[in-house]
Amino acid sequence: MVSDSLFRLEDFSIEFDGVPVVDRLSIEIRPGETLALVGESGSGKSVSALGALGLLPGNARVSGGRWLEDSDLDRLSQRQWQALRGGRVGFVFQEPMTSLNPLHTVGKQIGETLRLHQGLSGRAARDRTRELLTQVKLPRPDELLDAWPHQLSGGQRQRVMIAMAIANDPVLLIADEPTTALDVTVQQEILALLAELRSAYGMGMLFITHDLNLVRRNADRVCVLYRGREQETGPVEQVFTTPRSEYTRTLIDAEPSGRAAPLKQRDTLLEAHDLSVNFSRPKRLFSRRPSPFVAVHPLSFTLSRGETLGIVGESGSGKTTLAMAVLRLVRSQGEVHFDNERLDTLTGTTLRKARRRFQVVFQDPYGSLSPRLPVSEIVSEGLRFHHPELSESEVNHRVQVTLEEVGLPQDCASRYPHEFSGGQRQRIAVARALILEPELLILDEPTSALDRSVQKQLVELLRNLQQKRGLSYLFISHDLAVVRAMAHRVMVLKDGRVVEEGRCEEVLGAPQTAYTQALVDASVLTVQSG
Amino acid sequence: MPRLSLSPIARRRLAVFRHNRRAWVSLWLFLVLFGISLLAELIANDKPLVMRYDGQWYAPLLVDYPDMEFGGFLPTRADYHDPFTQQQIAEHGWALWPVIPFSYQTLDMQMRRPSPSPPDSRHWLGTDDQGRDVLARVIYGFRLSVFFALVLTAGSLLLGVVFGGIQGYFGGKTDLIGQRLTEIWSGLPVLFLLIILASFVQPNLWWLLGIMLLFSWLGLVDVVRAEFLRARNLEYVRAAKAMGLPSRLIMWRHVLPNAMVATLTFIPFLFTGAITTLTALDFLGFGLPPGSPSLGELVAQGKNNLQAPWLGITAFVSLSVMLSLLVFIGEGLRDAFDPRHIQFAPSASPTAPTATRMTPNGQ
């Protein structure tokens, strides 16, 4: 069969032990084109790509037609498959931290694909590797040839992965969420690089992502998946301006919207003076202890009752460390006043008693709930400790009320965390904090592990709770869209220093520093307004 | 009444364990054997279970009766194997004997052959070189070994988890000092200590247990410490800290269940290790006091009496069956706790994206 398409799936279905995961998907990629496969987690987008290339475990059943150029992929032998993967098809995965082998140097890992597919070895392989590293715009390629993966940053590792993927001049590049684990400013660079390489090599690209805004900027055509079913396919502009399916419309609308309700009065709850965090570095034998690493440089801020202070920055900017310092979970210098009491001098039992008043919700909804306890235990644990005088029925009643307040179904108290979706788990984490009736809630990237539509729901929930209970939030995020929907004021951190600070609208609307400008540019805000 | 409720993880592990036929069968076999050996007094004893004599009921198993009760003239404990006593009992009533009418230290005085005598209908597995019934000794020896291993494992578990947990949870200086101390402690030679001990006290079961316990927990410390080190930075542990829970509660409720996976996997090896050590000490003669029903002593007898192969064969078979069963159980436990062996439950359908569900209140 001859056609101008590079890669084609026809009525492609995947089942796991009889459970259909992908249902009759048909897509087509032409040379030099980027097709985006979009959907929320669990929609079957990664599975489709893996299944098309025969990379699924044994209990998966694949049916339907799949073609790469003019070879029928169903008829390939094991050996032909091996030649195809990494040869004519290149892969870039999501997690740059784990997709490189930590025990081999960068040069060796790229060299391996060259040796396997092109038979290059020794000097020839090394020269080609250097060339590839230059192509993916890594600085100092000669040094990086002998670097270990741990010496590289996330963005650099992803570049190495891309170098490996294009090493054998593939006709098709499959990029599975290639930028999800990276900072927003780095994301842009990686995507630009991918686009450049694609047009330079005339490759087709299958770009798998959950982020519609990336699609809008970086793809030619888009295919929207929902529970393994194709919702609609078409040119990007068409899908975004006139979405045909209901689901696509909700996805596009899922941007967190609204603003924080204006404050009625200012009544300071939390105040930090010259708060800083240092981590001492290990001391070598017979040498002076090196100067400590300053994670957070001395900074001051205040937070009123009922107010949300957004703390924004990329990874490594010290925003989580700052939160841990306020929570007294890491050692810090400087003064913290909470409701006109010194918090930083409390110790032992007094500190533990005081903790009831400031609670935290963490980023990872999967890691922050103990998998061995039912939800009722998780939520009631703090209450039982801080209020031992409550009877069993009173505790249960409080648990029920709190779970209702965060919008969880009635029957969930006796169930275990693994039975819930990410968004629901985050609600459980919020319930665990709320049941203690805190005055301050520290939210450490509470939405970043969730799908957009779930983020929107959670943001609304948090805003409602703030209204109802007069809670103060310290809201940490790298996602400016969420911050804009939540915060009254914003503090931008870079390398542990405050870069910019002020009212949310002003900072995000008219950034004063280049760094904030870059963050705003890289995030979705400009696309939305444009 | 709180009903027995297992967390879903525990239920899945149990299912994996049951799915492993070999481990499951081994577990039952071992439990049956241990159950039998727990009833050793009812199965192998040199006293009748119940007796009727002159219209009176007697329970020699529970009460020591003097010889005079049964027509003898000695005020000492009756010897029910004595032909005279037996004749008296046959004349005045009856006696219900255990299946094996010998205890582990009964010397059979009525043997027709020199000891060690080969297996026959009287001694199913023959007698050892002092004329004691081998089967009875194996049953009692099995129980003693398992009991020893159980107590030793429980003790090591307690010590290992406490020390490892404290080191791992607090980390820093506590960990550093604790690690160095355990390293020094583990440098002490256990075997020599036992041999030295044997020269100035008569070592009994409790002495041996005590000395072994001083050292056997060291292996667990590293495992538990590593697990605690890992778990103390988990987000739900930090959340518990932020909630103001005291350290002991966090360790008990949140960290320990994590560490138990590695620890439980370790238990079967502690168990078999304890049995092997006890056997080895008995074999060398530094173990339990003479006369105790010990499998190690049986091994030694087998070695000394090569002309009586039933001694060596019995010792070999009983030890190898016991250890193999334990190893199979351990293997099953390890697999059950290995996350790679737990397949995704078929009921876990892919989570539905929530976007469509939110449309009504989203607008």
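All values derive from a computational prediction rather than experimental measurement.

Q: Quick question: what am I supposed to make of the sheet that holds strand β19 (residues 489–494) of chain A here?
A: Each strand in a sheet pairs with its neighbour through backbone hydrogen bonds, running either in the same direction (parallel) or in the opposite one (antiparallel). Residues and elements named next belong to chain A. As summarised here, the arrangement of the six strands in space is β16-β17-β18-β13-β19-β20, forming an open sheet in which the pairing is mixed. The sheet is open, and its two borders are formed by β16 (358–361) and β20 (497–503), each paired with just one other strand. On average, adjacent strands in this sheet sit at an angle of 15 degrees to one another, irrespective of strand direction. With five bridges connecting them, strand β13 (residues 308–312) and strand β18 (residues 472–477) associate as parallel partners. Looking at the pairing, L309 lines up with L474 of β18.

Q: I'm lost on the interface of chain B and chain A in this one. Help?
A: Where the parts come together, the accessible area they lose is often given as the size of the interface. On the side of chain A, 42 residues touch chain B, which itself brings 29 residues to the contact. For the side of chain B that touches chain A, the secondary structure elements donating two or more residues are α1 (8–19), α10 (235–242), α11 (247–284) and α14 (359–362) of chain B. Sorting elements by how many residues they give to the side of chain B that touches chain A places α10 of chain B first, with six residues. Among the residues forming the side of chain B that touches chain A, the class breakdown is 17 nonpolar, nine polar and three charged.

Q: Help me understand the domain arrangement of chain A, please; the structure alone is not making it clear to me.
A: Residues and elements named next belong to chain A. In terms of domains, chain A is made up of domain 1 (33–44 + 82–253) and domain 2 (268–279 + 291–529). Computed over C-alpha atoms, the centres of domain 1 and domain 2 are 33 Å apart. Of all the elements in the fold, those that place two or more residues in the side of domain 1 that touches domain 2 are α7 (184–201), α8 (212–218) and α10 (246–253). For the side of domain 1 that touches domain 2, the leading source of residues is α7, giving four residues. Of the residues belonging to the side of domain 1 that touches domain 2, the class tally is two nonpolar, seven polar and three charged.

Q: Which parts of the structure should I look at to understand the domain arrangement of chain B?
A: On domain assignment, one finds that chain B holds domain 1 (8–37 + 136–341) and domain 2 (46–97). Between the C-alpha centres of domain 1 of chain B and domain 2 of chain B the distance comes to 43 Å.

Q: Is there a simple way to think about the nonpolar core in this case?
A: For soluble globular proteins, nonpolar side chains are generally found buried alongside one another. Counting residues in each nonpolar core, the largest one holds 142 residues, and the members touching the most others are I442, L474 and F475 of chain A. Looking at this core element by element, the count peaks at 15 residues for helix α5 (residues 134–170) of chain B. Contacts of I442 of chain A, omitting those with residues within four sequence positions, involve A323, V326, L327, F358, V360 and L474 of chain A. By size, the runner-up hydrophobic cluster in this structure holds 66 residues, among which are L68, L73, F91 and L206 of chain A.

Q: What should I look at first to understand the environment of A181 of chain A in this one?
A: Residue and element names in this part refer to chain A. Counting through the fold element by element, A181 comes out in the loop between β7 (172–176) and α7. On a C-alpha basis, the gap between A181 and S300 in space is 30 Å, while along the polypeptide they are 119 residues apart. With sequence-adjacent residues up to four places away left out, A181 is seen in contact with Q94, E95, P96 and G154.

Q: Teacher, can you tell me more about helix α2 (residues 21–38) of chain B here?
A: Residues and elements named next belong to chain B. For α2, built from 18 residues, the straight-helix expectation of 26 Å at 1.5 Å per residue is met to within 8% by its first-to-last C-alpha distance of 25 Å. All of the buried residues along α2 are A23, S26 and S37. Each buried residue of α2 sits inside an arc of 60 degrees when the element is viewed along its axis, so together they form one side. Exposed and oriented more than 90 degrees from the buried face of α2 are R21, W28, L31, V32 and G35. Turning to α2, the residues buried within the fold contact α1, α3 (40–43), α5 and α13 (309–337).

Q: For this particular structure, what's the right way to read the environment of L408 of chain A?
A: Residue and element names in this part refer to chain A. Mapped onto the fold, L408 is located in the loop between α14 (392–405) and α15 (422–434). With 22 C-beta atoms counted inside 10 Å, the residue L408 sits in the buried group. Taking the C-alpha atoms as reference points, L408 and R427, separated by 19 residues in sequence, lie 7.3 Å from one another. Setting aside residues up to four positions removed in sequence, L408 forms contacts with L403, Q424, R427, I428 and A431.

Cut-offs and rules
Residues numbered from 1 in each chain as written. Chains lettered and ligands numbered in written order. Predicted model: local features only at pLDDT ≥ 70, side-chain atom pairs only at ≥ 80, totals over all residues. Pairing = 2+ DSSP bridges. Helix = DSSP H or I, 4+ residues; strand = E, 2+ residues; numbered from the N terminus. Axes fitted to C-alpha atoms, helices over the stretch in contact; angles between N-to-C directions. Contact = placed C-beta atoms within 7 Å. Nonpolar A, V, L, I, M, F, W, Y, C, P; charged D, E, K, R; others polar. Domains from an automatic or database assignment. Core = buried A, V, L, I, M, F, W, Y, C linked by C-beta atoms within 7 Å. Buried ≥ 20, exposed ≤ 12 C-beta atoms within 10 Å, placed from the backbone. Expected span 1.5 Å × (residues − 1). Arc of directions from axis to C-beta.

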